[in-house]
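# Structural features, examined
Letter by letter, the chains look like this.
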Amino acid sequence: MTSEPQTLIAGSGGGARTIAYRTVKPRRNGAPSVFWLSGFMSDMASTKATALAQFAAEKGLGATLFDYSGHGISGGEFKDGTIGRWLEEAEAVFTKVAEGDQIIVGSSMGGHIALLLLRKLMAERPGDAARVKGMVLIAPAWDMTEELMWKKFPEEARRAIRETGVYMEPSDYDAPYMITRALIEEGRSHLVAPDGFDPGRPVVILQGLEDKDVPAEHTRQLLHLLKGGRAELIEIADGEHRLSRPQDLDKLFAAVGRFA
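Let me begin by describing the structure that accompanies this report. (Residues numbered from 1 in each chain as written. Predicted model: local features only at pLDDT ≥ 70, side-chain atom pairs only at ≥ 80, totals over all residues. Heavy atoms only, no water.)

### Thoughts on the packing of aromatic side chains
For the coordinates displayed, the defined rule picks out 10 aromatic pairs. Centre to centre, the rings of Phe 40 and Phe 78 are 5.3 Å apart; their planes meet at 55 degrees, and the pair counts as tilted. Here Phe 40 is found in the loop between strand E3 (33–37) and helix H1 (47–58), whereas its partner Phe 78 is found in the loop between strand E4 (62–66) and helix H2 (83–96), with 38 residues between them in sequence. When sorted by exposure, Phe 40 lands in the same class as Phe 78, which is buried. (Phe/Tyr/Trp six-rings, centres within 6.5 Å; stacked < 30°, edge-to-face > 60°. Helix = DSSP H or I, 4+ residues; strand = E, 2+ residues; numbered from the N terminus. Buried < 20%, exposed > 50% of the residue type's maximum accessible area, 1.4 Å probe, protein only.)

### Considerations on the packing of H2 against helix H3 (residues 109–124)
Between H2 and H3, the shortest axis-to-axis distance is 10 Å and the interhelical angle comes to 65 degrees. Helix-helix and strand crossings are classified by hand; for H2 and H3 the assignment is right-handed. Between H2 and H3, the contacting residues are Ile 83, Trp 86, Leu 87, Ala 90, Glu 91, Phe 94 and Thr 95 on the first element and Met 109, His 112, Ile 113, Leu 116, Leu 117, Lys 120, Leu 121 and Glu 124 on the second. Partitioning the contact of H2 with H3 into residue classes produces 10 nonpolar, 2 polar and 3 charged. (Axes fitted to C-alpha atoms, helices over the stretch in contact; angles between N-to-C directions. Left-handed = near helix turned anticlockwise from the far one by under 90°. Contact = heavy atoms within 4.5 Å. Nonpolar A, V, L, I, M, F, W, Y, C, P; charged D, E, K, R; others polar.)

### Some remarks on unusual backbone geometry
Residue Pro 194 is reached from Ala 193 by a cis peptide bond, and omega for that bond is 5 degrees. Counting through the fold element by element, Pro 194 comes out in the loop between helix H7 (181–187) and strand E9 (203–208). A positive phi angle, near 45 degrees, is found at Leu 243, a position not held by glycine. For Leu 243, a relative accessible area of 6% translates into the label buried.

### Some points on the environment of Leu 252
Here Leu 252 is to be found in helix H9 (residues 246–259). You can call Leu 252 buried: its relative accessible area is 2%. As a C-alpha pair, Leu 252 and Arg 22 span 230 residues in sequence and 20 Å in three-dimensional space. Setting aside anything within four residues of it in sequence, one finds Leu 252 in contact with Leu 52, Val 105, Val 136, Ile 138 and Leu 206.

### Looking at the sheet that holds strand E2 (residues 17–24)
Strands sit in the order E1-E2-E4-E3-E5-E6-E9-E10 across an open sheet of 8 strands; the sheet is mixed. Pairing within the sheet leaves two strands with one partner each, and these edge strands are strand E1 (6–10) and strand E10 (231–236). Neighbouring strand axes in the sheet, compared pairwise and without regard to direction, differ in orientation by 20 degrees on average. In terms of strand pairing, E3 meets strand E5 (residues 102–107) through 5 bridges, oriented parallel. What sits directly across from Ser 33, in E5, is Gln 102. (Pairing = 2+ DSSP bridges.)

### Some points on the environment of Leu 243
With respect to the helices, strands and loops of the structure, Leu 243 is situated in the loop between E10 and H9. A C-alpha to C-alpha distance of 8.2 Å links Leu 243 and Lys 48, two positions 195 residues apart in sequence. With sequence-adjacent residues up to four places away left out, Leu 243 is seen in contact with Lys 48, Ile 138, Leu 206, Gln 207, Gly 208, Ile 236, Asp 248 and Leu 249.

### A short note on the pairing of E4
Along E4, 5 of the 5 residues are buried, which leaves the element largely enclosed by surrounding structure. Taking every second residue as pointing to the same face, both faces of E4 are buried, with Gly 62, Thr 64 and Phe 66 on one and Ala 63 and Leu 65 on the other. Pairing of E2 with E4 involves 4 bridges; the strand directions are antiparallel. Counterpart to Tyr 21 in the pairing with E4 is Phe 66. Taken together, the 3 bridges between E3 and E4 define a ladder with parallel strand orientation. Across the sheet, Ser 33 pairs through a bridge with Gly 62, a residue of E4. A crossover connection joins E3 to the parallel E4 through H1; in handedness this β-α-β unit is right-handed. (Right-handed = clockwise from strand over helix to strand, strands pointing away.)

### Topic: the nonpolar core
Counting 56 residues, the largest nonpolar core has Phe 40 and Ile 179 as its most contacted members. Element by element, the count of residues in this core is highest for H3, at 8 residues. For Ile 179, the contacting residues outside a window of four places in its chain are Phe 40, Met 149, Phe 153, Ile 161, Gly 165, Val 166, Tyr 167, Glu 169 and Ile 184. Grouped together as the second largest cluster of nonpolar side chains are 28 residues, Ala 31, Met 44, Val 105 and Phe 259 included. (Core = buried A, V, L, I, M, F, W, Y, C linked by side-chain atoms within 4.5 Å.)

### Quick word on helix H8 (residues 216–225)
Of all the positions in H8, only Ala 216, His 218, Thr 219, Leu 222 and Leu 225 are classed as buried. Within H8, the buried residues cover an arc of 160 degrees as seen down the axis, which keeps them to one side. Residues of H8 that are buried in the fold lie against H3, strand E6 (132–138), helix H5 (144–150), E9 and E10. (Arc of directions from axis to C-beta.)

Following this line, the structure appears as structure tokens:
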């Protein structure tokens, strides 16, 4: 993606923050665009985001990528981040920047944000929701803060969150993950379970069976929460969480290509 980063303001008053994004319009008439949602502590310069933007350019599709507050080159502090805050930013970029038909692609936490964004648009902005032609989720960490964090944490981690307001979770990738009490508690206002919803359009899910961060069984449960029978799960036997190997990216491109 060659576009220079631009910014918009999400939120208002003391909660306003500067969100950086990149966007390119489709080169083919009538072609959709890809709307990318990154994972927890990831950004729009990641391997998958960069590869997807390149794929979109080669196929004449548009693309919009952005960084959540506290991530990448956007403003704000990571410690202030919550699911609702990042959802608000995703909605702002989608409604103010992304034009025309869209294919939403969400990775890990971005998969959770993607589901919440679509559900919110369907309830509050049906015109914008109608522009979503399909969705591709990569190891979707749905209800992440509750199902994959709080319920999985050992008691000492829960105690740290309750008593000090923060827990530094070890990571296999870069720095430890900062898990705040606000992230956990606010996240309970943004859950997909137990009721689920009908996304109203096809959803393709890619899941590695060697994924230790978002286990395959967690993703299989999502199929029961997405009503309407239009969600498809593609399992990759030797795939791990990132799914950024060339063969994994090919599967991602094929999934996106279905809607393009």
